[in-house]
Amino acid sequence: MAIERYYTLGNTGLRVSRLALGTMTFGKEWGWGNEKDAARDIFNYYLDHGGNFIDTADMYTGGTSERYIGEFLQERNNREEVVLATKFTFNTSPNNHVNGGGNSRKNIRRTLEESLKRLKTDYIDLFILHCWDRMTPVEEVMRTLNDLVTEGKILHYGLSNVPAWYASKAQAIARYNNYEPISTLQLEYSMIQRTIEHEYIDLTQDINAGIMAWSPLGGGLLSGKYEPGIDGQEGVEGRLKHITDNGGEVSSKDNERNWNIVKALHEVGKKIDQPMASVALNWTANQPSVATVLIGATKMHQIKQNMNALDFEIPVDLMKQLNDASAPDIPYPYTFFQPKMQERIYPETKVGLKPDSYWKDLKIG
């Protein structure tokens, strides 16, 4: 089935499909991914079936991802039908010079111009800071991004992989200075990785920004390639193995909790006759504040399967099974915000938290 529902992205009028096409797989430079013809087939299938939101980054496959997308958009002659997002931060300069990375005004402008050339377009719909660089003043970042909106080179902007306090401060600066506001936070979110629920769900509600969920399949662990009960990572292939072998964060996903999640996902998928990957994507897409979920593929059968992930509902009892299996540990100080502790503040109030969030649902009496 084709995508038929679209969400506005945060506090904008920009309407995007609930599934966005992630294009980190466009190109073979990283040892996995697609050759151009395979990437083109995936790109066209996604757009032909209702998708309108393409996500890339200047550093994906050494710039090949952006180049492919630019060529594919020219072939289809449909730039205005597509919401195009790209990212900046990581050092992409040929000589890795001292100002060739980070979020300085100098580097933001350099990387934008290079992305525009590769993407063969004169504007970006959504320009995203890829990672907090721990150095550039947030005031400089926000002023630069707002200037780019004023110049018409970007229409909206967002943040990815930043602390919650940083995003909150950035939006406060935007409000105070009447800048274009932050419209989205691109964050890792899946049954494997639920730590954003401690801060970012409330935050995005407060600043009116939608969540773009990346790695909804837990780096591939929830893709269906791995059956419950696998000991360690025998037989691991594709992106999960590549990132693990190179010391990436995905290596931390090989633990008992996550294999229990795989088991629960496998059981739920069998009960509702849906592939594990589709169930995992459906779970993430239906969490609070999620505006869109990034899907990627290296094979056509994967994109076809992923595009059907929102065509069914997970029954309440089975959603609870998934929630229970993937429940994250609650670190300090969030233990103080749970019902039992809150009832010590308001003894006459029954406090119930909505599932999988820290939204307050107070019932008096």
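Parameters and conventions
- Residues numbered from 1 in each chain as written.
- Predicted model: local features only at pLDDT ≥ 70, side-chain atom pairs only at ≥ 80, totals over all residues.
- Heavy atoms only, no water.
- Salt bridge = Lys/Arg side-chain N within 4 Å of Asp/Glu carboxyl O.
- Helix = DSSP H or I, 4+ residues; strand = E, 2+ residues; numbered from the N terminus.
- Buried < 20%, exposed > 50% of the residue type's maximum accessible area, 1.4 Å probe, protein only.
- Pairing = 2+ DSSP bridges.
- Axes fitted to C-alpha atoms, helices over the stretch in contact; angles between N-to-C directions.
- Contact = heavy atoms within 4.5 Å.
- Right-handed = clockwise from strand over helix to strand, strands pointing away.
- Core = buried A, V, L, I, M, F, W, Y, C linked by side-chain atoms within 4.5 Å.
- pLDDT = per-residue confidence, 0-100.

**Digging into the pattern of salt bridges**
A full pass over the atoms with the stated rule returns 13 salt bridges. Here D48 makes a salt bridge to R76, at a shortest N to O gap of 2.9 Å. Within this pair, whereas D48 is found in helix 1 (residues 36-48), its partner R76 is found in helix 2 (residues 64-76), the two being separated by 28 residues in sequence. Take D48: its relative accessible area is 52%, and that puts it in the exposed class. With a closest N to O distance of 3.2 Å, R143 and D147 form a salt bridge. Here R143 pairs with D147, and both are found in helix 4 (residues 138-151), just four residues apart, close to one helical turn. A single network of salt bridges, built from pairs that share partners, joins D37, R40 and E75.

**Quick notes on the sheet that holds strand 5 (residues 83-88)**
An order of 3-4-5-6-7-8-9-10 is seen for the eight strands of this closed barrel, with the pairing classed as parallel. If you compare each strand with its neighbour and ignore which way they point, the axes differ by 30° on average. The sheet strands contacting helix 1 are strand 3 (19-22) and strand 4 (53-55), and the helix crosses strand 3 at an angle near 165°.

**Side note on the environment of E114**
Secondary-structure assignment places E114 in helix 3 (residues 105-119). Residues E114 and G63, spaced 51 residues apart in sequence, show a C-alpha to C-alpha distance of 9.3 Å.

**Structural notes on unusual backbone geometry**
That bond from Y332 to P333 is cis: its omega, 5°, falls within 30 degrees of zero. The residue P333 is located in the loop between helix 11 (316-326) and helix 12 (339-343) in this model. Residue T61 is not a glycine yet carries a positive backbone phi of 45°. Residue position: T61 is located in the loop between strand 4 and helix 2. The exposure class of T61 is buried, given its relative accessible area of 1%.

**Brief notes about the pairing of strand 5**
In terms of burial, strand 5 is a largely internal element, six of the six residues being buried. By the bridge criterion, three bridges tie strand 4 to strand 5 in an arrangement that is parallel. The residue of strand 5 that forms the bridge with F53 is V83. Handedness of the β-α-β unit built from strand 4, helix 2 and strand 5 comes out right-handed. Pairing between strand 5 and strand 6 (residues 124-129): four bridges, direction parallel. Within strand 6, the residue paired with F88 across the bridge is L129.

**As for the nonpolar core**
If you look at the biggest cluster of nonpolar residues, it comprises 98 residues, and the most contacted ones within it are F53 and I314. Residues in contact with I314, not counting those within four places in the same chain, are V268, I272, V279, N282, W283, M319 and L322.

**With respect to the environment of T144**
By the element assignment, T144 lies in helix 4. With relative accessibility at 1%, the residue T144 sits in the buried group. Ignoring sequence-local partners within four residues, the contact set of T144 consists of R105 and I108.

**Describing the confidence of the model for the protein chain**
Residues at a pLDDT of 70 or more form 88% of the protein chain, whose mean pLDDT is 89. Under a pLDDT of 50 for its full length, residues 230-236 has, in the predicted model, eight contacts with residues more than four places off or in other chains. Confidence drops under a pLDDT of 50 for residues 353-365, and excluding neighbours within four residues, the segment shows 35 contacts in the predicted structure.

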